[in-house]
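If you want the building blocks of each chain, they are given just below.
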Amino acid sequence: MLSKLYFNRRFCTAIQSPRPWLFVGLGNPGDKFKGTRHNVGFNMIDTFAESQGIDMDTVFCKAIFGKGIVDGVPVLLAKPQTYMNLSGESSGPLAAYYKLPLNRVLVFHDDMDLPCGVLRLQPKGSHGSHNGMKSVIHHFRGNREFARLRIGIGKPPGQMDPKAFLLQKFNATAQERIDVGLKEGVVALKELVSKGVEESARSFNTDQKYKHIKISVN
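Rules used throughout
- Residues numbered from 1 in each chain as written.
- Predicted model: local features only at pLDDT ≥ 70, side-chain atom pairs only at ≥ 80, totals over all residues.
- Heavy atoms only, no water.
- Helix = DSSP H or I, 4+ residues; strand = E, 2+ residues; numbered from the N terminus.
- Buried < 20%, exposed > 50% of the residue type's maximum accessible area, 1.4 Å probe, protein only.
- Contact = heavy atoms within 4.5 Å.
- Areas by Shrake-Rupley, 256 points an atom, 1.4 Å probe, with all protein chains shown as cover.
- Polar contact = N/O pair within 3.5 Å; in protein donor to acceptor, adjacent residues only side chain to side chain.
- Phe/Tyr/Trp six-rings, centres within 6.5 Å; stacked < 30°, edge-to-face > 60°.
- Pairing = 2+ DSSP bridges.
- Axes fitted to C-alpha atoms, helices over the stretch in contact; angles between N-to-C directions.

1. What to know about the overall build of the chain
Alright, step 1. On a plain count of helices and strands, the chain comes out with six helices and nine strands.
Alright, step 2. Buried positions account for 45% of the 218 residues belonging to the chain.
Alright, step 3. Summarising the internal contacts of the chain: among those between residues at least 6 apart in sequence, 69% fall at separations of at least 24.
Alright, step 4. Here the chain displays about 11,700 Å² of accessible surface, and carbon together with sulfur accounts for 52% of that area.

Given below as structure tokens:
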């Protein structure tokens, strides 16, 4: 997409505007699921949108959708309304509509393998048995070359059913950790927009690693 043409007396030069980023937060729609562990992907979208003054006021490709400019780069934000296990029915068409290569797509999702409130930014990876991510990968035709922001929610206590754990709301302590993590995620995402995934991930994941140790000790 060409943004401006700059002319002088001898020639004109076409300057390309930056290719957009698509940020997709995974979760389940409706008040019933609001504030549950499985919906932290939605929470990350909302926190980022609010911090950047982006209105999530459109329904597009089966998602609550918003778009804005962050440090001169177009950013598209989406919360699929298909329910978690069908998230790809929204994210796939969104990426296709905007003709985005998958290295400009970042998916936010909950992760039981990370301590509560610990985040990890990865340039690519597997679905990790996450049903929402399985759907996203399926609708990207099996391609896993897209970034993901994993948001730790911790493991179920004792013999608790993981499905029941995912659909529970956070207690006060866990919610406080999540709130801190989401704010840290906003900083990382702003850096990612300007510097790319790999450079941003190096410093961010190191900070989160030490946070992981601190949380494990407490």
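There is more to say, and it comes next.
2. Re helix α2 (residues 88-97)
Alright, step 1. Of all the residues in α2, the buried ones are Gly88, Ser90, Ser91, Gly92, Leu94 and Ala95.
Alright, step 2. As for α2, its buried residues are in contact with β3 (21-25), β4 (58-60), β5 (63-70), β6 (73-80), β7 (105-111) and α3 (131-139).
Alright, step 3. Just downstream of α2, Lys99 is the residue with a positive phi angle, here 55°.

3. Here's the deal with the environment of Pro101
Alright, step 1. The topology assignment puts Pro101 in the loop between α2 and β7.
Alright, step 2. The spacing of Pro101 and Arg19 is 82 residues in sequence and 9.5 Å in space, taken between C-alpha atoms.

4. Describing the side chain of Arg148
Alright, step 1. Looking at where Arg148 falls in the secondary structure, it is placed in strand β9 (residues 147-152).
Alright, step 2. Here Ser126 takes part through its backbone oxygen, which lies 2.9 Å from a polar atom of the side chain of Arg148.
Alright, step 3. With sequence-adjacent residues up to four places away left out, Arg148 is seen in contact with Leu106, Val107, His109, Arg120, Leu121, Gln122, Lys124, Gly125, Ser126 and Met133.

5. Section: the packing of aromatic side chains
Alright, step 1. A complete count under the given rule lists 10 aromatic pairs for this structure.
Alright, step 2. Summarising the aromatic geometry, the rings of Phe60 and Tyr98 are spaced 6.3 Å apart at their centres and angled 75° between planes, so their arrangement reads as edge-to-face. Within this pair, whereas Phe60 is found in strand β4, its partner Tyr98 is found in the loop between α2 and β7, the two being separated by 38 residues in sequence.
Alright, step 3. The partly exposed category is assigned to Tyr98, whose relative accessible area is 23%.

6. Quick word on the sheet that holds β3
Alright, step 1. Spatial strand order, β4-β5-β6-β3-β7-β9-β8: seven strands in an open sheet with mixed pairing. At either end of the open sheet lies a strand with only one pairing partner, and these are β4 and β8 (119-122). Averaged over all pairs of adjacent strands, the angle between their axes in this sheet comes to 25°, without regard to strand direction.
Alright, step 2. One ladder, built from three bridges, connects β4 with β5; its direction is antiparallel. Note on β5: the bridge partner recorded for Val59 is Ile64.
Alright, step 3. Sitting on the sheet, α2 touches β3, β4, β5, β6 and β7, and the angle it makes with β3 is about 170°.

7. Section: the side chain of Ser91
Alright, step 1. Relative to the assigned elements, Ser91 resides in helix α2.
Alright, step 2. On the basis of relative accessibility, which here comes to 0%, the residue Ser91 falls in the buried class.
Alright, step 3. Dropping the residues within four chain positions of it, Ser91 is found in contact with Leu22, Val24, Val136 and Phe140.

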